[in-house]
There are 6 protein chains.
Amino acid sequence: MNSQSRGRVLIINPNSNEAVTAAMGVAISCLSCTTGVEMETRSLAGAPFGIESEADAARVAPMLAELVGEEEAGYDAFVIGCFLDPGLAACRHMTKKPVFGIGECSIYAALSLADQFGVLALSRASVGRHKPIFRRLGVWDRLAGELPLSISVAEAVSEESVYPRLLDAALCLRDSHGAGAVVLGCAGMARHRQRLQDDTGISIIDPVQAGAMRALGAVLTNQAASA
Amino acid sequence: MNSQSRGRVLIINPNSNEAVTAAMGVAISCLSCTTGVEMETRSLAGAPFGIESEADAARVAPMLAELVGEEEAGYDAFVIGCFLDPGLAACRHMTKKPVFGIGECSIYAALSLADQFGVLALSRASVGRHKPIFRRLGVWDRLAGELPLSISVAEAVSEESVYPRLLDAALCLRDSHGAGAVVLGCAGMARHRQRLQDDTGISIIDPVQAGAMRALGAVLTNQAASA
Amino acid sequence: MNSQSRGRVLIINPNSNEAVTAAMGVAISCLSCTTGVEMETRSLAGAPFGIESEADAARVAPMLAELVGEEEAGYDAFVIGCFLDPGLAACRHMTKKPVFGIGECSIYAALSLADQFGVLALSRASVGRHKPIFRRLGVWDRLAGELPLSISVAEAVSEESVYPRLLDAALCLRDSHGAGAVVLGCAGMARHRQRLQDDTGISIIDPVQAGAMRALGAVLTNQAASA
Amino acid sequence: MNSQSRGRVLIINPNSNEAVTAAMGVAISCLSCTTGVEMETRSLAGAPFGIESEADAARVAPMLAELVGEEEAGYDAFVIGCFLDPGLAACRHMTKKPVFGIGECSIYAALSLADQFGVLALSRASVGRHKPIFRRLGVWDRLAGELPLSISVAEAVSEESVYPRLLDAALCLRDSHGAGAVVLGCAGMARHRQRLQDDTGISIIDPVQAGAMRALGAVLTNQAASA
Amino acid sequence: MNSQSRGRVLIINPNSNEAVTAAMGVAISCLSCTTGVEMETRSLAGAPFGIESEADAARVAPMLAELVGEEEAGYDAFVIGCFLDPGLAACRHMTKKPVFGIGECSIYAALSLADQFGVLALSRASVGRHKPIFRRLGVWDRLAGELPLSISVAEAVSEESVYPRLLDAALCLRDSHGAGAVVLGCAGMARHRQRLQDDTGISIIDPVQAGAMRALGAVLTNQAASA
Amino acid sequence: MNSQSRGRVLIINPNSNEAVTAAMGVAISCLSCTTGVEMETRSLAGAPFGIESEADAARVAPMLAELVGEEEAGYDAFVIGCFLDPGLAACRHMTKKPVFGIGECSIYAALSLADQFGVLALSRASVGRHKPIFRRLGVWDRLAGELPLSISVAEAVSEESVYPRLLDAALCLRDSHGAGAVVLGCAGMARHRQRLQDDTGISIIDPVQAGAMRALGAVLTNQAASA
């Protein structure tokens, strides 16, 4: 560990799309330099290019658990960087260090800002995959709505041209569904967050930032308390 | 397929404990010979000896999905033979054939017999692992209670001597918790089912039988309708 | 009991519409001949021609309980053949033999196949009557939607001409509501099941078959265990 | 209708135990003489002596519906005087006049006084019968607890000697379960209400009074509005 | 207290709009003269002209608690006359006398008449404010729907011209959302209640009347029991 | 604002107990110096010495809303420093800046670490006050349990001698109730957090730190995004 470092967090992108990993790094870079906590982003070696089904999620879950087990000693907290939170329970079984899922963290971040939250999903299929998650978390009755954007991960990560779709959907969640905060339901959409927040006037949550902040909180409060 | 066969069901024991697989075969043998539907039980090659944590469950999930994908053409329905239903969503992604989880099926079997159900778990840790499952399924408010037996899988499968513990716990679920039916919360306890049902006077559900019956129902009604 | 018989199930149509009773017999005939379990369908003497209100359901409930009490010795399991499950708790009070309601059984059958289920109801009034049932069962949050067909029981039982309405509604439940399985919300619609399943690509559940399968399961597993 | 009368309410005791009917009359007598609304209590002819099972409840449901249908013209509101609310939906189908169930009304009366309510049940079997009701009503999460008194209807109606049991159970609901109001879970316990309220310092709700008050409210506000 | 009086109820309008207070007095006048219980309506001195935000609700809550504390000796029950039930828990902390909120009471009144209820709100913003209330009360799953009228309090209280909007929305709640009873979601709409009930054929609940009736019930049954 | 400052957060202790405010400052001091975000703690002028009832909570709510309105321009985020989250909705009405409640934030922090959470409350009365909050938030089914410590705020803030009570209760929540994380249910208990976490081996959440971290996250991610 760097002698200046106040702690280390490993944020794992459970797919092998380096563009997503890079976008995650940009999204959380200021958290790291600001706080003195090192935040490392890493793609999962051998993972599929995208997590686009429950089968993909199942495939990476044991790989994530194995990685967390191997790296346990070197980090103070781990973040699973996919909205589906693949392998979260399995990873927690491998370490006493805190492990956060960006899906859960982003939902709780939204719920700490507003009574009803909305979600922007990449596709209709994603919407279906999220339903049992909301029910398991017990937040179903606080979901104002979830709308599909019908865009690919690649478009979400790198295309400004999809922004109007995000804006339309977010305005619909705000005005027709009553959402007081909106979660970006995929790891690669951080570039649109601030602009969308400014244009809608309600809080927009990027899940990678939400997960990283929870890890940061765990690291800093543990430091604070043990100082 | 056997020319006499009315269909084929593959019941996968997602661990490599052959004693459990054998016990599963005994539990469902009469369903097979009675109905003309072939029911095959199989251990999962390369799986851990037991599924005793979320990490174990995560490890076998992609293996199950792969197996179901490979065997899709040869069977009319699949059953995942572990109460935690590992990889169920992933398996369903791999095939249009119905895939049943014995955990889910046993809970629904109990709920079709009584307003409140109970569960007998092997250990206290199992009880903790089951909670989010009940919540995801939406059956939390119908759970009268779940009690740990503090026995191993090996004891559950092969030891008559643990029966008094099952009886005590089942009577407690019936009398103190108000359970009208009780689920055996592990794949290997079928040998105790009938005796426990006779001694308690309430329905006792073995999950392997419950899952196998659902698969049987899917096969027979599809046949019936298409005849 | 027939010496060849492996058990007997009484499926009671709680109305006096013989066309419905006959349709029920057709729906489950193959289950019976396949398995060696005798399945008898019977109309409820003195019942109204249809169960089209809570008043009708209340009227037949004590008649069903009386019948189950009288016939207890002759059958191994009973099935109440109306989606509203009239008199289910009362019937269970009259016998230690298992009593299944086709409404409950069909919902649980759907839930063992998919995260979210849909229901096709005969009429808008039926939709209203079903809501407290879903809530009592605790499955409200897993209901993707329920759509009225605006057809009569007679049309459901005997008219091919109503099929396009079923297909339209089932596709809507699948595509707009996200249902992964659809329940036919009335006892007489089995004739449409397989065609609807083939045309939609998702599981379609006939409640009479679902109830009969649960009874079959109870009979066969009790036999299996006691053999 | 009496020319002085401001309206008429029929409160039906759905059993044939005249002692219960008489106790109901005493419980609501002052509501009647105070308000000018005539409140008539009546036993249900041909009903069992007590409603002590779902089979009893099913038996009286159609009799209640028939009676309400016959008497519709003569009354402005109806009250079903049994905590299980037998036949409530069926009765509502027979008339446009409001029909109240004392079980529902007593629960809502308690919930308008406190966040968490408790219930005193005659027996352990009653407790089991009430669970699906609480779940259907959606009040499960606000139930602090329900305790059985292990007394008969006859004792509840006419014996002062059972009072200590009520007090012990009510204090337990208040102190250990956190109940802020307690419902007497049977039609005949009104005689204990005020004393129990004085001794516990929390609101005690008699269901017959609660149902009668809702009927009174419907009659008076309809009068008020139409004056 | 008047020597003829059977008790006194204080109904507090927590805003300073005297037109609303006057409308409340008209709404409950017949309850008072009919029953011999004195019902006094009073505006809250120093309150804002309307309760149109959570900030307004927060502002009046301690004023209400103080008033209830000061007036405790002079009244047998208190009613908070705003659908948001501001300060209800705080008022209950100040007195052992029962304190009712008209929002809660109107919802329970509707639920004792029908399985699903609807609400007519003044504005879209009101709809958003009501959601956490429904969830806290546990009645979320029984809400058929809530529709905004887009009218002001002044229009609700004094304008016949807004009636068509109420009727349209109530019919929509009845026919499209399945509401069996509809609550007027603001204190000043009583003048429309009977007409709306006649035109829709379903029960319409005025919250001020519902709250006053609960207070009346508490006063009369306490009298009855203690006589 | 300090030219070095990366943002400012105002954490308001809504009572006038300066010892609590000082303890809050200690709890979050390291977050501030670490991150460059200024965190100011302030007692609420004119507030009661403790928030020990809903009446106290109601009293401070409008004072908090007024303060937030007045200070809006000077801060980037606000935190209400009482587990009951008094005036949270009202404060949010006064500003577009994010306002966090430490109660909500601590619960969500716990839920992002474990499936079931526990709470340590100062007193039995606190436990009762928290129930409707958990229900409103929708986290009721994830609450493993809440236990009262029967200690005063003063003891919580300044006495090491109460630690054994915290430890006993936390171990009970972990071992008997199945809590995977435990929230300290009062603003002044941070001094015990790390020791309790070390002794129990599960995450212990201090609500002031949890609320401060959410505010920090909002400030840093807004900076990050707008940089």
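These numbers were taken from a predicted model, which means no experiment stands behind them.

So, about the overall build of chain A. Helix and strand content of chain A: 9 helices and 8 strands. Along the three orthogonal principal directions, the C-alpha set of chain A runs to about 50 × 35 × 35 Å. When burial is assessed residue by residue, chain A has 65% of its 227 residues classed as buried. Pairs at least 24 apart in sequence give 68% of the contacts found in chain A among residues at least 6 apart. Counting every atom, chain A has about 7400 Å² of accessible surface; 50% of that belongs to carbon and sulfur.

Think of interface size as the accessible area that goes away when the parts come together; that is how it is often given. On the side of chain F, 38 residues touch chain A, which itself brings 37 residues to the contact. Both faces considered, chain A and chain F share a buried interface measuring about 3100 Å² in area, 58% of it formed by carbon and sulfur atoms. If you sort the residues of chain A by the area they bury against chain F, T34(A), Y108(A) and S112(A) come out on top, with a joint share of 18%. On the surface where chain A and chain F come into contact, there are 0 salt bridges. Linking chain A with chain F are 18 residue pairs in polar contact (both at pLDDT 80 or more).

Least-squares fitting of chain A to chain F yields an RMSD of 0.0 Å, with the superposition described by an axial translation of 0.0 Å and a rotation of 180°. Taken together, the rotation and translation describe the operation of a two-fold axis. Identified as the residue of chain A closest to the rotation axis by C-alpha distance is T35(A), at 2.2 Å. A share of 100% of interface residues in chain A that are also interface residues in chain F marks the association as one of identical surfaces.

Residues and elements named next belong to chain A. Annotation of chain A at the domain level lists domain 1 (8–101 + 209–226) and domain 2 (104–206). For domain 1 and domain 2, the distance between their C-alpha centres works out to 21 Å. Taken residue by residue, the interface counts 21 residues in domain 1 and 19 residues in domain 2. In total, about 1600 Å² of surface goes out of reach between domain 1 and domain 2, with carbon and sulfur atoms giving 64% of it.

Attention now moves to the interface of chain D and chain F. The interface of chain D with chain F comprises 7 residues on the first partner and 6 residues on the second. Across the chain D/chain F interface, buried area totals approximately 510 Å², and carbon plus sulfur atoms make up 35% of it. Ranking the residues of chain D by area buried against chain F places D115(D), Q116(D) and D141(D) at the top, with a combined share of 69%. At the boundary of chain D with chain F, the tally comes to 1 salt bridge. A salt bridge links D115(D) to R135(F), with the shortest nitrogen-to-oxygen separation between them at 2.5 Å. A per-class count over the side of chain D that touches chain F returns no nonpolar, 3 polar and 4 charged.

Moving on: the sheet that holds strand β3 (residues 77–80) of chain C. All names here are of chain C. Ordered in space as β2-β1-β3-β4, the 4 strands form an open sheet in which the pairing is parallel. Of all strands in the sheet, those bounded by a partner on one side alone are β2 (38–43) and β4 (99–101). When strand polarity is set aside, the average angle formed by the axes of neighbouring strands in this sheet is 20°. Two strands pair when backbone bridges link them, and strand β1 (residues 8–13) and β2 are joined in this way by 6 bridges, in the parallel orientation. Across the sheet, residue N13 finds its bridge partner in β2, namely S43. Strands β1 and β2 of the sheet are contacted by helix α1 (residues 18–35), whose axis makes an angle of about 175° with β2. Helix α2 (residues 54–71) contacts β1, β2 and β3 of the sheet and is inclined by roughly 160° relative to β1.

Another point: the arrangement of the chains. Contact between chain A and chain D is absent, and the minimum C-alpha spacing across the pair is 14 Å. There is a clear gap between chain B and chain E: no contact, and 14 Å between their nearest C-alpha atoms.

This paragraph deals with the pattern of salt bridges. Pairing is possible between side chains that carry opposite charge, provided their charged atoms lie close to one another. Here the structure, examined in full by the defined rule, presents 51 salt bridges over all chains. R191(E) serves as the salt-bridge partner of E160(E), at 3.0 Å between the closest nitrogen and oxygen. With a gap of 31 residues between them, E160(E) in the loop between α6 (153–158) and α7 (163–175) and R191(E) in the loop between β7 (181–184) and α8 (193–200) connect regions that are remote in the sequence. Judged by relative accessible area, which is 37%, E160(E) ranks as partly exposed. Measuring nitrogen to oxygen at the nearest pair gives 3.2 Å for the salt bridge that ties R195(F) to E160(F). You can see R195(F) sitting in helix α8 (residues 193–200) and its partner E160(F) sitting in the loop between α6 (153–158) and α7 (163–175), a full 35 residues away along the chain. Assessed through its relative accessible area of 42%, R195(F) is described here as partly exposed.

The next thing to look at is the packing of helix α7 (residues 163–175) of chain D against helix α8 (residues 193–200) of chain D. Two quantities define a packed helix pair, namely the angle between the axes and the distance from one axis to the other. Residue and element names in this part refer to chain D. At a closest axis distance of 10 Å, the pairing of α7 and α8 adopts a crossing angle of 45°. Classified by the interaxial angle, the pair formed by α7 and α8 is oblique. Between α7 and α8 lies a crossing whose hand is right-handed. Across the interface between the two elements, Y163, L166, L167, A170, L171 and R174 of α7 pack against R195, L196, D199 and T200 of α8. Classifying every residue of the contact of α7 with α8 by side-chain character gives 6 nonpolar, 1 polar and 3 charged.

Attention now moves to the pairing of β7(E). Residue and element names in this part refer to chain E. Burial along β7 is two-sided: the residues A181 and V183 and V182 and L184 are all buried. Relative to β7, strand β5 (residues 117–121) runs parallel, the two being bridged by 4 bridges. The residue of β7 that forms the bridge with L120 is L184. Bridge count for β7 against strand β8 (residues 203–205) is 3 bridges, and the pairing is parallel. Paired with A181 across the two strands is S203, which belongs to β8.

Next up on the list: the relation of the copies chain D and chain F. Of the two same-sequence chains, chain D is brought onto chain F (RMSD 0.0 Å, axial shift 0.0 Å) by a rotation of 120°. What the superposition gives is, in effect, a three-fold axis relating one chain to the other. The rotation axis passes nearest to the C-alpha of D141(D) in chain D, at a distance of 5.1 Å. Looking at the interface residues of chain D, only 14% of them are also at the interface in chain F, so each copy uses its own face.

Core analysis: the biggest nonpolar cluster contains 179 residues, and F117(B), L120(B), F117(C) and L120(C) have the highest contact counts within it. Setting aside chain neighbours within four positions, we find L120(C) in contact with L147(C), L149(C), L166(C), A169(C), A170(C), L173(C), V182(C), V183(C), L184(C), G185(C), M189(C) and L196(C). If you look at the next biggest cluster of nonpolar residues, it comprises 178 residues, including L67(D), L67(E), V68(E) and A55(F).

The next thing to look at is helix α8 (residues 193–200) of chain C. Each full turn of the α-helix corresponds to 3.6 residues, which orients residues three or four apart in the same direction. Residue and element names in this part refer to chain C. Residues of α8 that are buried include every one of R193, Q194, L196, Q197 and T200, and no others. Each buried residue of α8 sits inside an arc of 165° when the element is viewed along its axis, so together they form one side. The positive-phi residue at the C-terminal boundary of α8 is G201, with phi of around 75°.

The next point concerns the environment of K96(C). Mapped onto the elements of the fold, K96(C) is located in the loop between α3 (88–94) and β4. The exposure class assigned to K96(C) is exposed, which follows from its relative accessible area of 69%. Taking the C-alpha atoms as reference, K96(C) lies 10.0 Å from G69(C); in sequence the two are 27 residues apart. Within the structure, K96(C) has its side chain in polar contact with the backbone oxygen of G201(B) (distance 3.0 Å).

With respect to burial, helix α4 (residues 102–111) of chain D is a largely interior element, 10 of its 10 residues being buried. Inspection of α4(D) places I102(D), G103(D), E104(D), C105(D), S106(D), I107(D), Y108(D), A109(D), A110(D) and L111(D) among the buried residues, and these make up the whole buried set.

The rules we used
Within every chain, residues take consecutive numbers counted from 1 along the sequence as written. To read the labels, note that chains go from A and ligands from 1, taken in the order they are written. Since the coordinates come from a predicted model, pLDDT governs what is reported: local features require at least 70, and pairs of side-chain atoms require 80 or more to be given and counted, while whole-chain, interface and lining totals use all residues. Water and hydrogen atoms were dropped before computing side-chain values, which therefore reflect all heavy atoms in the structure. Counting from the N terminus, the helices are the DSSP runs of H or I reaching at least four residues and the strands are the DSSP runs of E reaching at least two. Partly exposed describes any residue whose relative accessible area lies between the buried limit of under 20% and the exposed limit of over 50%, with all areas from a 1.4 Å probe on protein chains only and scaled to the type maximum. By the convention used here, residues are in contact when the closest approach between their heavy atoms is within 4.5 Å. Method for areas: the Shrake-Rupley scheme with a 1.4 Å probe, in which residue coverage is limited to the protein chains shown. Buried area: the accessible area, evaluated with a 1.4 Å probe, that two parts lose upon being put together, summed over both parts. Salt bridge, as used here: a side-chain nitrogen of Lys or Arg that lies within 4 Å of a carboxyl oxygen of Asp or Glu. For the purposes of these results, a polar contact is taken to be a pair of N or O atoms within 3.5 Å, where, inside protein, one atom must be able to donate a hydrogen and its partner to accept one; residues adjacent in sequence count only when each atom of the pair is a side-chain atom. Least squares is the method used to superpose the copies, on C-alpha atoms of residues holding a pLDDT of at least 70 in both. Domain start and end points were adopted from an automatic or database domain assignment. Here the nonpolar group is Ala, Val, Leu, Ile, Met, Phe, Trp, Tyr, Cys and Pro; Asp, Glu, Lys and Arg are the charged ones; every other residue, Gly included, is treated as polar. Note on pairing: two strands pair once DSSP finds at least 2 bridges between them. Axis geometry follows a simple rule: fit a line to the C-alpha atoms, using only the stretch in contact for helices, then measure angles between N-to-C directions, giving values from 0 to 180 degrees. Each angle gets one of four labels, with under 35 degrees taken as roughly parallel, over 145 as roughly antiparallel, 65 to 115 as roughly perpendicular, and the rest as oblique. Whether a crossing is left-handed or right-handed is set by the direction in which the near helix is turned from the far one by less than a right angle, anticlockwise for left-handed and clockwise for right-handed. By nonpolar core is meant a set of buried Ala, Val, Leu, Ile, Met, Phe, Trp, Tyr and Cys residues that side-chain atoms within 4.5 Å join together. What the arc measures is the spread of directions leading from the helix axis to the C-beta atoms.

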